[in-house]
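# Architecture and fold: a report
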Amino acid sequence: EDDFQFLLCESCQQESPNLKLLTCLHTSCLSCLSKTKPVGQCPVCCSAIPLASGILDMDNLLFINLQARLKVYKQMVDTVDLFCDNCRKPGEFWCSECFEFLCTNCFEAHQRYLRWESHRAKRVMDIRAGSAKDFLEGIRRAGSLSCSNPDHKSQPVSIYCQRCEKALCCSCALLDNQHAPFRDIRSETQRRQEELSAMDRELRRRRSGFEAAHAALQGEAARLEEAQREMRELIRQRVERLVRLIRREEEELVGLVEARQEQGRRELARELRHVEGVLRRMEAGGRLVEKMSLYATEQEVMDMQPFIKSSLQELQQLQPPVATDRGQPGDLSECRARLQAL
């Protein structure tokens, strides 16, 4: 259970079949996105969602598909009654390619007719004895890409068209002269995964700059608070020596100090929120790339990599704010002059 908590909505921490991948690389369910006020912001880091509707069309295919696979694994582990998807007899085998349970008779027929198509059906008892990660790894190895042409879904895919950036079967490559140049689909899948990993490494390297800026902003906020506290104490020490008739002067002086510091505090709070949001996005990106490398099938890499790459490129372009010396208190000369007059 702990190994797959990342499949939950990052906002409500609940399982959902409608997980959306946002441009900030956080994953949220539709319910949380609809509740976000204002609508159009990530419920985790408050980053803007660049769509008028406020809801993204990009499903987190990796997480959604992993949930479906783990539900099948849980059925087997919980020793519930499993039935053949063809004849409803007790299911003793499971094919990761067909995503179906098979009885002994259907398994024998399955092996006879599909043995040349790399369909590897395994015994349920063997799957139950292994771990969830072993189960997912078996599916990942057995997973295959589908042709981008909906009429050729059953055709094996081994070609990648660099012009249209899609996976193709041999029929498409031979019959449609619009496709060229070509590349081996395995090489393209590996290239995309390596590209994401390289971008993740670069973001990890740059993360230190944002972490330093975050620490500096927190330090500035602490210094501002300390400066305000010291001035308030000085005001109280002076004013308490005076008669009750000038107590109102104390309140005016305190208000003056707070007014001088409020603008800086608001700016710091805004910058802190921005940097914290960037850090959360970097963390989400690293976590997503890691899970892609661990669990994603080639189809999922092909479908999701351009979207993730675009978000990671946006993150790479961000620069940490330059630390400035905002820790000094504002202009308090008027306050000091009034104290001297008292």
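Residues numbered from 1 in each chain as written. Predicted model: local features only at pLDDT ≥ 70, side-chain atom pairs only at ≥ 80, totals over all residues. Heavy atoms only, no water.

## Some details on the overall build of the chain
Counting its secondary structure elements, the chain contains ten helices and eight strands. A buried classification covers 39% of the 342 residues belonging to the chain. Taking the intrachain contacts of the chain between residues at least 6 apart in sequence as the baseline, contacts between residues at least 24 apart amount to 62%. Within the structure as shown, the chain displays about 19400 Å² of accessible surface, and the carbon and sulfur contribution to it stands at 48%. (Helix = DSSP H or I, 4+ residues; strand = E, 2+ residues; numbered from the N terminus. Buried < 20%, exposed > 50% of the residue type's maximum accessible area, 1.4 Å probe, protein only. Contact = heavy atoms within 4.5 Å. Areas by Shrake-Rupley, 256 points an atom, 1.4 Å probe, with all protein chains shown as cover.)

## Things to note about the state of the cysteines
Applying the stated criterion across every chain yields a total of zero disulfides. The structure places no disulfide on Cys45, whose sulfur is separated from the nearest cysteine sulfur, that of Cys24, by 3.7 Å. Of the cysteine sulfurs around Cys103, a residue in no disulfide, the closest is that of Cys87, at 3.4 Å. (Disulfide = S-S within 2.5 Å.)

## Things to note about unusual backbone geometry
Even without being a glycine, Cys46 presents a positive backbone phi close to 65°. In this fold, Cys46 is placed in the loop between helix 1 (30–35) and helix 2 (61–77).

## Considerations on the sheet that holds strand 4 (residues 100–102)
Pairing between the strands of a sheet is mediated by backbone hydrogen bonds and can be parallel or antiparallel. Strand order in the open sheet made by the three strands is 4-3-5, with antiparallel pairing throughout. Each of the sheet's edge strands pairs with one partner strand only, and the pair in question is strand 4 and strand 5 (121–123). Strand-to-strand, the axes of this sheet are offset by a mean angle of 30°, without reference to chain direction. Bridge count between strand 3 (residues 93–95) and strand 4: three bridges; the pairing is antiparallel. Opposite Phe93, over in strand 4, you have Leu102 as the bridge partner. (Pairing = 2+ DSSP bridges. Axes fitted to C-alpha atoms, helices over the stretch in contact; angles between N-to-C directions.)

Geometry only, nothing functional implied.
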